[in-house]
Amino acid sequence: MKAALAQAKVRPLLIDYDDREFPQAGEPLAALDYEAFLAAGDAISSGACRRTSGSR
Amino acid sequence: MSAQTPADPYTLNLDKCAANYQPLTPLTFLQRAAEVYPAHTAVIHGKLRLTYVDFYARCRQLASALARRGIGVGDTVTVMLANTPPMLEAHYAVPMAGAVLHSLNTRLDAAVLAFQLDHAEAKIVICDREFAPS
């Protein structure tokens, strides 16, 4: 992926997924980790999905 | 059309709206699964287990994170992942954000991947460390 990104013209935001279940030794592309990126989204409590179904 | 010509009744008042047109999307499958089978196992990955309610919550949180980065309709999110939980989450979260999921083939060479990144106008790339160096 590193070589592909170097050849591409686009400069996307890079997010690394670090698989804790099957650890990989590959050097991360960027400083942004998948779990940290996900955590930046609005957290939704488990019970919230039931309340959203009221419109159907 | 002149004022005298009667309008075709089948073209009147039948614009797409919520009452007559609902796009079919897998996103509703996940919402329903989380409502009907909240405690059922949705994801098994090594020792990790996610129930449907947790999986749905994570997908929505990822969609929210994408939206906060300005990802929306017309944008492309590229992933370079094996069959791991983020791959599943991206399949729901990216369309939830209104964007297009672009899943790269892990067997392609760098030149072809570079072409795809440019052609797709990738805004975000999520990459497993397994595939990062090559």
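Please refer to the structure placed before this passage.
All of these numbers come straight from a predicted model, not from anything done at the bench.

### Some thoughts on the overall build of chain A
Along chain A, the regular secondary structure elements total three helices and one strand. In chain A, the succession of helices and strands from N to C terminus is α-β-α-α. Taking all 56 residues of chain A together, 38% fall into the buried category.

### Some details on the packing of aromatic side chains
Applying the stated criterion across every chain, the model contains two aromatic pairs over all chains. Taking the centre distance of 5.9 Å and the plane angle of 80° together, the rings of Tyr17 of chain A and Tyr34 of chain A count as edge-to-face. With a gap of 17 residues between them, Tyr17 of chain A in strand S1 (residues 13-17) and Tyr34 of chain A in helix H2 (residues 34-39) connect regions that are remote in the sequence. Summarising the burial analysis for this pair, Tyr17 of chain A and Tyr34 of chain A share the class buried. When the ring of Phe55 of chain B is compared with that of Tyr92 of chain B, the centres are 5.7 Å apart and the planes differ by 85°; the resulting orientation is edge-to-face. Remark: Tyr92 of chain B occurs in helix H3 (residues 85-96) and Phe55 of chain B occurs in helix H2 (residues 52-68); sequence separation between them is 37 residues.

### A word on the packing of helix H1 (residues 26-36) of chain B against H3 of chain B
Residues and elements named next belong to chain B. Contact pair H1 / H3: the axes reach a minimum separation of 10 Å and the direction vectors enclose 115°. Between H1 and H3, the angle falls in the class roughly perpendicular. Where H1 crosses over H3, the handedness of that crossing is left-handed. Here Pro26, Leu27 and Leu30 of H1 come into contact with H3, specifically with Tyr92, Pro95 and Met96. The class makeup of the residues in the contact of H1 with H3 is six nonpolar, no polar and no charged.

### A few points about the interface of chain B and chain A
In this complex, chain B contributes 47 residues to the contact, which on the side of chain A involves 43 residues. One can count three salt bridges joining chain B with chain A. With a closest N to O distance of 3.5 Å, Arg129 of chain B and Asp18 of chain A form a salt bridge. Where chain B touches chain A, the interface holds 21 residue pairs in polar contact (both at pLDDT 80 or more). Looking at the side of chain B that touches chain A, the elements with two or more residues in it are H1, H2, H3, helix H4 (110-120) and strand S5 (122-128) of chain B. By residue number, the principal contributor to the side of chain B that touches chain A is H2 of chain B, which donates twelve residues. Taken together, the residues that form the side of chain B that touches chain A break down as 26 nonpolar, seven polar and 14 charged. Looking at chain direction, S1 of chain A and S5 of chain B are connected through five bridges and run parallel. Paired with Tyr17 of chain A across the strands is Asp128 of chain B, a residue of S5 of chain B.

### What about the pattern of salt bridges?
By the definition in use, this model includes five salt bridges over all chains. Measuring nitrogen to oxygen at the nearest pair gives 2.9 Å for the salt bridge that ties Glu35 of chain A to Arg58 of chain B. With Glu35 of chain A in helix H2 and Arg58 of chain B in helix H2, the pair connects residues from two separate chains. One salt bridge connects Asp42 of chain A with Arg68 of chain B, and the closest N-O pair in it is separated by 2.2 Å. Of the two residues, Asp42 of chain A is situated in the loop between H2 and helix H3 (48-52) and Arg68 of chain B in helix H2; the pairing between them involves two chains. By relative accessible area, which is 41% here, Asp42 of chain A ends up partly exposed. For Arg68 of chain B, a relative accessible area of 56% translates into the label exposed. Sharing partners across several salt bridges, the network here consists of Glu35 of chain A together with Arg58 and Glu89 of chain B.

Calculation notes
Counting restarts for each chain: residues are numbered from 1 in the order of the written sequence. Chain labels run from A onward and ligand labels from 1 onward, assigned in the order the entries are written. Under the rules for a predicted model, residues below a pLDDT of 70 receive no local features and side-chain atom pairs below 80 are neither given nor counted, while totals for whole chains, interfaces and linings still include all residues. The basis for the side-chain values is all heavy atoms of the structure; hydrogens and waters are excluded. Counting from the N terminus, the helices are DSSP H or I runs at least four residues long and the strands are E runs at least two residues long. When accessible area is computed with a 1.4 Å probe and restricted to protein chains, residues below 20% of their type maximum are described as buried, those above 50% as exposed, and intermediate ones as partly exposed. Each pair of aromatic rings taken from Phe, Tyr and Trp, with Trp reduced to its six-membered ring, is defined by centres within 6.5 Å and is described as stacked if the planes are under 30 degrees apart, edge-to-face if over 60, and tilted in the remaining cases. Helix axes are fitted only over the stretch in contact, all axes being lines through C-alpha atoms; the angle between N-to-C directions runs from 0 to 180 degrees. An angle below 35 degrees is treated as roughly parallel, one above 145 as roughly antiparallel, one from 65 to 115 as roughly perpendicular, and anything else as oblique. Take the far helix as your reference; a near helix turned counterclockwise from it by less than a right angle gives a left-handed crossing, and one turned clockwise gives a right-handed crossing. Any two residues having at least one pair of non-hydrogen atoms within 4.5 Å are treated as being in contact. The nonpolar class holds Ala, Val, Leu, Ile, Met, Phe, Trp, Tyr, Cys and Pro. Asp, Glu, Lys and Arg form the charged class, and all remaining residues, Gly among them, are polar. Here a salt bridge means any side-chain nitrogen of Lys or Arg lying within 4 Å of a carboxyl oxygen belonging to Asp or Glu. For this analysis, a polar contact is any N or O atom pair within 3.5 Å, provided that within protein one partner can donate a hydrogen and the other can accept it, and provided that sequence-adjacent residues contribute only side-chain to side-chain pairs. One requirement defines pairing of two strands: DSSP has to find at least two bridges between them.

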